[in-house]
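An overview of the molecular structure
One letter stands for each residue in the lines below.
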Amino acid sequence: KKTKDKKQIAYLINSRLEEIRSTLFRQVLFAEFELKIHQIVENNIPLTFQLLKNEYRKLYEFYYGKEVFIDSEIEIEWARIPHFYYNYYVYQYATGISAAISLYKKVINGGKKELNDYLNFLKTGGSKFPLDTLKDAGIDMTSSKPVEDTIDYFDELLEKLKEIND
């Protein structure tokens, strides 16, 4: 709202799109890869370099589709991601950004009640279980709505970027 420079607007929108892609989409891919690794181990199949490369590439192709060129080096991206060597938690990035964007949309598109719900959400700090705190603010993380809100927001931003480039 503070600039008319199309390049600057496009940069800001693209930054937000990339933030959502890397925090929602990519982290879910990571979580699915972790799950797959655990399932392979539970089935007594040895984890080999080739198997990990193949499984990662399959997921990458599924998530990004045939239209996106996938460099062969992406097959070993998993080897440099420390998240895979800790407790299973990468899905929390996706749930976190989904909760935040859903809350943002509720406040921006709402009225005084939604603003007060948000302020009360902030006031609770860590005094309640996170799902309960979010529910008090009108965000139900046990439903698909926060993820749907995030995908809708991504689509809105993508449309704005297309309009700027037309």
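Residues numbered from 1 in each chain as written. Predicted model: local features only at pLDDT ≥ 70, side-chain atom pairs only at ≥ 80, totals over all residues. Heavy atoms only, no water.

1. Some details on the packing of aromatic side chains
- Inspection of the entire model under this criterion finds 13 aromatic pairs.
- Judged by centre distance (5.0 Å) and plane angle (90°), the ring pair of Phe 33 and Tyr 56 falls under edge-to-face. Note that Phe 33 is positioned in helix α1 (residues 6–42) and Tyr 56 in helix α2 (residues 49–64), a separation of 23 residues in sequence. In this pair, the class of Phe 33 matches that of Tyr 56, namely buried.
- Judged by centre distance (5.9 Å) and plane angle (55°), the rings of Phe 49 and Trp 78 are tilted. (Phe/Tyr/Trp six-rings, centres within 6.5 Å; stacked < 30°, edge-to-face > 60°. Helix = DSSP H or I, 4+ residues; strand = E, 2+ residues; numbered from the N terminus. Buried < 20%, exposed > 50% of the residue type's maximum accessible area, 1.4 Å probe, protein only.)

2. A closer look at unusual backbone geometry
- Positive phi, normally seen in glycine, also occurs at Asn 44, with a value near 60°.
- Along the chain, the position of Asn 44 falls in the loop between α1 and α2.
- We classify Asn 44 as exposed; its relative accessible area is 71%.

3. Observations regarding the nonpolar core
- Counting 17 residues, the largest nonpolar core has Leu 29, Phe 30, Phe 33, Tyr 56, Tyr 60, Trp 78 and Phe 84 as its most contacted members.
- Of all the elements in the fold, those that place two or more residues in this core are α1 and α2.
- For this core, the element with the most residues is α2, which contributes six residues.
- The contacts of Phe 84, once residues within four sequence positions are left out, are Phe 30, Phe 33, Glu 34 and Trp 78.
- Formed by twelve residues, the second largest nonpolar core is a distinct cluster that contains Ile 13, Leu 17, Ile 97 and Leu 157. (Core = buried A, V, L, I, M, F, W, Y, C linked by side-chain atoms within 4.5 Å. Contact = heavy atoms within 4.5 Å.)

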